[in-house]
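Letter by letter, the chains look like this.
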Amino acid sequence: MRLTGTFLDEISFDIPHHNWGVEEWDKDFQAMKALGIKRVIMIRCANKNFMTYNSDVVRHYSKDYVMHTPPIDLVDMFLTLAEKYDMEYYFGTWHFHQSSCRTWNDPEIFRKEGDINIDIISEVQERYGHRKAFKGWYLTHEICANNAGTIDLFIRQGEHAKKISGGKPTLISPYFAGVKANGGKLTNGYRPLTVEEHTEQWEMIFRQLSGVLDYCAFQDGHVNFQELAAYHKATRILADKYGVETWSNIESFDRDMPWLFPPIKWEKFLWKLESAEAAGIKDGITFEFSHFMSPHSMYPSAHGLYDRYCEHFGIPARSKDFK
Amino acid sequence: MRLTGTFLDEISFDIPHHNWGVEEWDKDFQAMKALGIKRVIMIRCANKNFMTYNSDVVRHYSKDYVMHTPPIDLVDMFLTLAEKYDMEYYFGTWHFHQSSCRTWNDPEIFRKEGDINIDIISEVQERYGHRKAFKGWYLTHEICANNAGTIDLFIRQGEHAKKISGGKPTLISPYFAGVKANGGKLTNGYRPLTVEEHTEQWEMIFRQLSGVLDYCAFQDGHVNFQELAAYHKATRILADKYGVETWSNIESFDRDMPWLFPPIKWEKFLWKLESAEAAGIKDGITFEFSHFMSPHSMYPSAHGLYDRYCEHFGIPARSKDFK
Amino acid sequence: MRLTGTFLDEISFDIPHHNWGVEEWDKDFQAMKALGIKRVIMIRCANKNFMTYNSDVVRHYSKDYVMHTPPIDLVDMFLTLAEKYDMEYYFGTWHFHQSSCRTWNDPEIFRKEGDINIDIISEVQERYGHRKAFKGWYLTHEICANNAGTIDLFIRQGEHAKKISGGKPTLISPYFAGVKANGGKLTNGYRPLTVEEHTEQWEMIFRQLSGVLDYCAFQDGHVNFQELAAYHKATRILADKYGVETWSNIESFDRDMPWLFPPIKWEKFLWKLESAEAAGIKDGITFEFSHFMSPHSMYPSAHGLYDRYCEHFGIPARSKDFK
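Residues numbered from 1 in each chain as written. Chains lettered and ligands numbered in written order. Predicted model: local features only at pLDDT ≥ 70, side-chain atom pairs only at ≥ 80, totals over all residues. Heavy atoms only, no water.

A. Representation of the side chain of A:Asp283 in the model. All names here are of chain A. The topology assignment puts Asp283 in strand E10 (residues 283-286). By relative accessible area, Asp283 is classed as buried at 15%. Only 2.6 Å separates the side chain of Asp283 from the side chain of Thr4, close enough to count as a polar contact. Apart from the residues lying within four places of it in its own chain, the contact partners of Asp283 are Met1, Arg2, Thr4, Arg39, Glu245, Trp247 and Ser248. (Helix = DSSP H or I, 4+ residues; strand = E, 2+ residues; numbered from the N terminus. Buried < 20%, exposed > 50% of the residue type's maximum accessible area, 1.4 Å probe, protein only. Polar contact = N/O pair within 3.5 Å; in protein donor to acceptor, adjacent residues only side chain to side chain. Contact = heavy atoms within 4.5 Å.)

Here it is as structure tokens:
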């Protein structure tokens, strides 16, 4: 059980920016590579006024926000770096409606999200689909259960993406509806799902997404540490049944601290690695390397996490090599 | 449109301290200079128990707080560094009453603030007025509209400061009453002002401050990005009419993140530069260089902002030159 | 009045982890030593799922949490480093019940806390009591007043610890029930204690702990700066009367900033040093060196605090010596 991938969160909504240019990103890809990262997943293509690439589709649909022309085409930059360092790149779609999906119960909103993203996917396939590192599609909507319209949203995006890209794989990264979800509060009708309830919800989802969804990497930070292996295992068994490969999204930020978010304590990260392994999961991705595990992170405790991870797995790289 | 000035926020109420001594401040002035900063504005002279200089006036008026004798005279230190690096220094007055000016409607409080600051200005003129770098007066009260007593507060301070200092210029840095003001909340009777309402309020203010106020640098972070140019332009046209020169206070911290405050994303900063330029504004100051743009900042993403800014404007300096 | 000790907060609940290994901790002990630290106090031995050493007692009592086997025995590591750098080590007990002691009024809970910690103390004495650097016992419960059961809790732990360890000294670090306690809010029945009320409460506590408690280091951050000397002095006089030596826990983090917690402003730290000295206190410990005063801290403003402290006391060390 190793980390083999990381999200790239450059168009962010709650993670402060590093303000890196191409040179700094290049150095960070070097540090990723040395730790064993072989795939990078761009978490979304736009947010509020900002876009990763100069998208006509985003401009067309955006109503509340005037879009800024990006000073750098981040899709191109990440593809170029992925090619340079022999990594796979996944493109993340657009979460258009600003309200949280946690309270979505309106299939009309999901339908609209699907419509928009079908156009995004077409535009991206045309502009970047031929690139060597372009490996697959990250369907960006973060869900926890089978709300009305959810399955249809993923089917429409997944079928379209596969059809026009020669069958490139699709990935989602949902979250467990655990005690730390919904900000850890029992408000707006939120109630954690037991492992059994979770299994029931996801049986419906995986069954219908069979053949459309290739990889599912649950975020591992919303349940208590000691519950994690059970949630992972139930999910992995279910996903196997419907031909979906289970990864773990081993969050490298700490959800238990008074500010959002510092890098996680290594022993917590280790616990989560061990839980995924115990559940029979073989691949880990993380949200996300550059802020929370990188020798170049603005949070120096990330440098320590890099070192502890490498030390644990006998990887020779150390954060000080990148200074 | 370039950054030519920065606030100095060493007696702070919401920005953590760097704990720099004279040597570290000297290095930071070098980094400012290399980026093009030519004026420094000390945001206030005292707060709660702490003073920038050993002021008899502050001690006299302070009732709720016993004042600590400053281990370093910061006014002298900043003047000395400004002289060394050929910069202009603005002295910031005292916001005595701790309650926010956002809810001030009591002219008696404004009158008292004026009385105190007239004495502060006299003391400072006597002690530091002769210093070569002492360029002008920053009237520290941050306002957004024409509340009762506001105009009188600035007229009294401005007239007195000019009279005893040989006419040295005055500066204010108000904020737009936008969607992100009042903590982004519609509480305590707060309601954003439209561009038209803003214009109406400031027509009254600028008309009466004509001849007393020289520079007005609005904080640029309280309105949506796409609204900024319109607010700036309306303000600039109005200020021109009454002989007040408009600068922009291009905030270098990010108001959209879950903790207060990290350095801003470069693309947001760029947007705000472009908006000021589109409004016909030629000079920018920032709150503030040392925490949010400096190669020496405690927030490493500030180093990136320094580099992106310099890169954009073809300035040869880079943050790594100062390590 | 100098800093001679620091807490070690490696099993933390609200301070983000540095993710240091043995090598990084060794370097930090070097920096402590250079500043004058001669004692280290491990603040607690376990929290939630994590333990500082592989404790059978913790596993036995822990019900809500499954405990993780620590990748490093931190008690052994800290003892080894304390021995290497000729320092004293204090072992901190376990705060089992997760609810805050601020609202504890249930003597049954205190009784249970006592029972558990008597077993912890026995286990630790057996495993580590022979170690050269093992100097004493830190009784971890943070209290502010004489709630029902409080005195009994400390008597039982203190008597047991002394009896089985050949009379090794005991330390507590309470907090003043001041305006910044209880999150600065008058909720859950909280009301600050005046100096007189504080004295009355602690007269009862010190009188009964006489002979069982050796050192008492009040946290110095919950009262206004100008009130601190009076609280300290009343406490010191009282403690002297009952044979308890008073230290000050000079907090090196800032309680007045919008995020919890950055390193404190040097002038505030200086104020608190001066207040303790004015109260006749000779020894200071801090919570805590590694995050808030260290050249290796993840918060670079801690580096400045190290430098200002050393500069003030004529200590030749500087943070840059440790880079």
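B. How the structure looks around the relation of the copies chain A and chain B. Overlaying chain A with chain B gives an RMSD of 0.0 Å, the required rotation being 120° about an axis along which the chain moves by 0.0 Å. Between the two chains, the operation in question is that of a three-fold axis. Minimal C-alpha separation from the rotation axis in chain A is found for A:Trp259, amounting to 3.7 Å. Both copies present different contact surfaces, since only 4% of the interface residues of chain A are interface residues in chain B too. (Least-squares fit on C-alpha atoms with pLDDT ≥ 70 in both.)

C. Focus on the interface of chain C and chain B. Taken together, the contact pairs 21 residues of chain C with 26 residues of chain B. For the pairing of chain C and chain B, the buried interface totals around 2000 Å² over both sides, and the portion due to carbon and sulfur atoms is 60%. Among the ionic pairs, C:Arg308 bridges to B:Glu24, the shortest N-O distance being 3.4 Å. Our count for the contact surface shared by chain C and chain B stands at 11 residue pairs in polar contact (both at pLDDT 80 or more). Elements represented by at least two residues in the side of chain C that touches chain B include exactly helix H8 (266-278) and helix H10 (300-312) of chain C. Of the residues in the side of chain C that touches chain B, the class split is 11 nonpolar, three polar and seven charged. (Buried area = accessible area lost by both parts, 1.4 Å probe. Salt bridge = Lys/Arg side-chain N within 4 Å of Asp/Glu carboxyl O. Nonpolar A, V, L, I, M, F, W, Y, C, P; charged D, E, K, R; others polar.)

D. Expanded view of the packing of helix H6 (residues 195-209) of chain C against helix H7 (residues 228-241) of chain C. Residue and element names in this part refer to chain C. Contact geometry of H6 with H7 gives a least axis separation of 10 Å together with a crossing angle of 25°. On the basis of their axis angle, the class for H6 and H7 is roughly parallel. Crossing of H6 over H7 shows right-handed handedness. For the pair H6 and H7, the contacting residues are Val195, His198, Thr199, Trp202, Glu203 and Phe206 in the first and Ala230, Tyr231, Ala234, Thr235, Leu238, Ala239 and Lys241 in the second. (Axes fitted to C-alpha atoms, helices over the stretch in contact; angles between N-to-C directions. Parallel < 35°, antiparallel > 145°, perpendicular 65-115°, else oblique. Left-handed = near helix turned anticlockwise from the far one by under 90°.)

E. How the structure looks around helix H8 (residues 266-278) of chain A. Residues and elements named next belong to chain A. Its 13 residues place the ends of H8 18 Å apart at the C-alpha level, agreeing with the 18 Å of an ideal helix rising 1.5 Å per residue. For H8, the tally of buried residues reaches 10 of 13 residues, placing the bulk of the element in the interior. Those residues of H8 lying buried are Trp266, Glu267, Lys268, Phe269, Leu270, Trp271, Lys272, Leu273, Ser275 and Ala276. Looking one or two places after H8, you find Gly280, whose phi comes out positive at around 85°. (Expected span 1.5 Å × (residues − 1).)

F. Structural detail: helix H4 (residues 107-128) of chain A. Residue and element names in this part refer to chain A. When the terminal C-alpha atoms of H4 are compared, their 31 Å separation across 22 residues agrees well with the 32 Å that a helix rising 1.5 Å per residue should span. Of the residues making up H4, those classed as buried are Phe110, Glu113, Gly114, Ile116, Asn117, Ile118, Ile120, Ile121, Glu123, Val124, Gln125 and Tyr128. For H4, the side-chain oxygen to backbone nitrogen distance between the N-cap and Glu108 is 2.9 Å, and the N-cap itself is Asp106.

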